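This is what each chain is made of:
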Amino acid sequence: MNKPALYHKSHLDIKRDAGALLKHFSSKLQWRSDGGDTIIDIGTGPGDATIKSELMLDFFKSKYQLPERCGVRCLDIETNTLLPNDLVGRFDHLISSLVLHWVPDNRTALKNMFSLLRPEGGDCILVFFSFNTVFQANYILSCNPKWSQYIGDVNRWLAPLQFSDNPTTEFRDMMKEAGFSNICIDAKKATYRYRMDMDEFKESLIPVCGVYDSIPKCHQEEFLNDYAAASEAVAMERCGLSPDDAKCVVVADFIVAYGQKLPEEIPFK
């Protein structure tokens, strides 16, 4: 995710659907009666989706002018150290779109998200992939000796719930463990047919496959060819498509989750 301009122009249908899921679940947000709500978006990217990256933030700031009351900072939501004091317990609402599938340690990320919400209470909406062709292609190519030497630990390039038998239940349990209450989780399966030629499709995979920059430049074109073939295999297996119909297809399972941080009890003195 270090090519923001290329990512910005790619995968528009996926971003549209993620936005629609956020909008649908936004009716659950508990707005303050005084209108003084504070919101944090966990990790604002190029302006249409979210991810942790200095390059993404630089691109975002070059494309958009922020209102005075808004700001951007590069932080690590899965850090095991303390988050900045000026952010902990400061927000009424937390939004995260197309991020958690890039975060290996979802448990720590959720605990950190919970800590960002006000002690008086708050809520969150999270949209991410439990399964995606991109991660499955990473796994397929990691089993090929030709590419495994460059990919290394493939778990770095897999969504945490990619191989979960029951991702919604598993994620609900993680939210409960982090402290969230009144949890609501929905799942949506989607298939995207990219109306472009194969070269354009392969280019759209570059900013999201993760491992591309680990491949020597002299082998990157061959890698993309194998990556596209692995993507076709995923579409054939998951959707029962023929080889011709499986070209330029991405299969994805979305999860959208809502949870509340209940007001902390103040002990009597």
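What counts, and where the lines are drawn
- Counting restarts for each chain: residues are numbered from 1 in the order of the written sequence.
- Local features in a predicted model are, by the rule used here, given only for residues with pLDDT of at least 70; side-chain atom pairs are given and counted only at 80 or more, and totals for whole chains, interfaces and linings are based on all residues.
- The basis for the side-chain values is all heavy atoms of the structure; hydrogens and waters are excluded.
- Working definition: helices are DSSP H or I runs of at least four residues, strands are E runs of at least two. Numbering for both runs from the N terminus.
- Whether two residues touch is decided by their heavy atoms; if any such pair falls within 4.5 Å, the residues are in contact.
- Pairs of strands are assigned from DSSP output, requiring at least two bridges between the strands.
- To obtain each axis, a line is fitted to C-alpha atoms, and for helices this fit is confined to the stretch in contact; angles are then taken between N-to-C directions over 0 to 180 degrees.
- Each residue is placed in one exposure class: buried if its accessible area under a 1.4 Å probe, protein chains only, is under 20% of its type's maximum, exposed if it is over 50%, and partly exposed if it falls in between.
- Directions drawn from the helix axis to the C-beta atoms are what define this arc.
- Polar contacts here mean pairs of N or O atoms no more than 3.5 Å apart (in protein, one a potential hydrogen donor and the other a potential acceptor; neighbouring residues in sequence count only if both atoms are side-chain atoms).

For this particular structure, what's the right way to read the side chain of Asn132?
Take Asn132: it is sitting in strand S3 (residues 122-132). Excluding its chain neighbours within four sequence positions, the residues that come into contact with Asn132 are Gln162, Val250, Val251 and Ala252.

So what exactly am I meant to see when it comes to the environment of Ile125 here?
Here Ile125 shows up in strand S3. Ile125 has contacts with Leu22, Phe25, Ser26, Leu29, Leu94, Ile95, Ser96, Val256, Ala257 and Tyr258, leaving out every residue within four places of it along the chain.

Hey, could you run me through the sheet that holds strand S4 (residues 181-193) in this one?
Each strand in a sheet pairs with its neighbour through backbone hydrogen bonds, running either in the same direction (parallel) or in the opposite one (antiparallel). Spatially, five strands are ordered S1-S2-S3-S5-S4 in an open sheet, and the strand pairing comes out mixed. In this open sheet, the two edge strands, each paired with only one partner strand, are strand S1 (39-41) and S4. Taken pair by pair, the neighbouring strands of this sheet meet at an average axis angle of 15 degrees, ignoring direction. One ladder, built from three bridges, connects S1 with strand S2 (residues 93-97); its direction is parallel. For Ile39, the partnering residue across the bridge sits in S2 and is His93. In the packing of helix H4 (residues 106-116) onto the sheet, contacts are made with S1, S2, S3 and strand S5 (249-261), and the angle to S2 comes to roughly 145 degrees. The sheet strands contacting helix H7 (residues 167-178) are S3, S4 and S5, and the helix crosses S4 at an angle near 145 degrees.

Before we go on, may I ask you to explain helix H8 (residues 198-205) in this structure?
All buried positions along H8 are accounted for by Phe201, Lys202, Ser204 and Leu205. Buried positions in H8, seen along its axis, are confined to an arc of 155 degrees and lie on one side of it. Buried-residue contacts for H8 involve helix H5 (133-142), helix H9 (220-239) and S5. Backbone nitrogen of Asp199 and a side-chain oxygen of the N-cap are separated by 3.2 Å at the start of H8; the cap is Asp197.

Remember that the coordinates give geometry; whether it matters functionally is a separate question.
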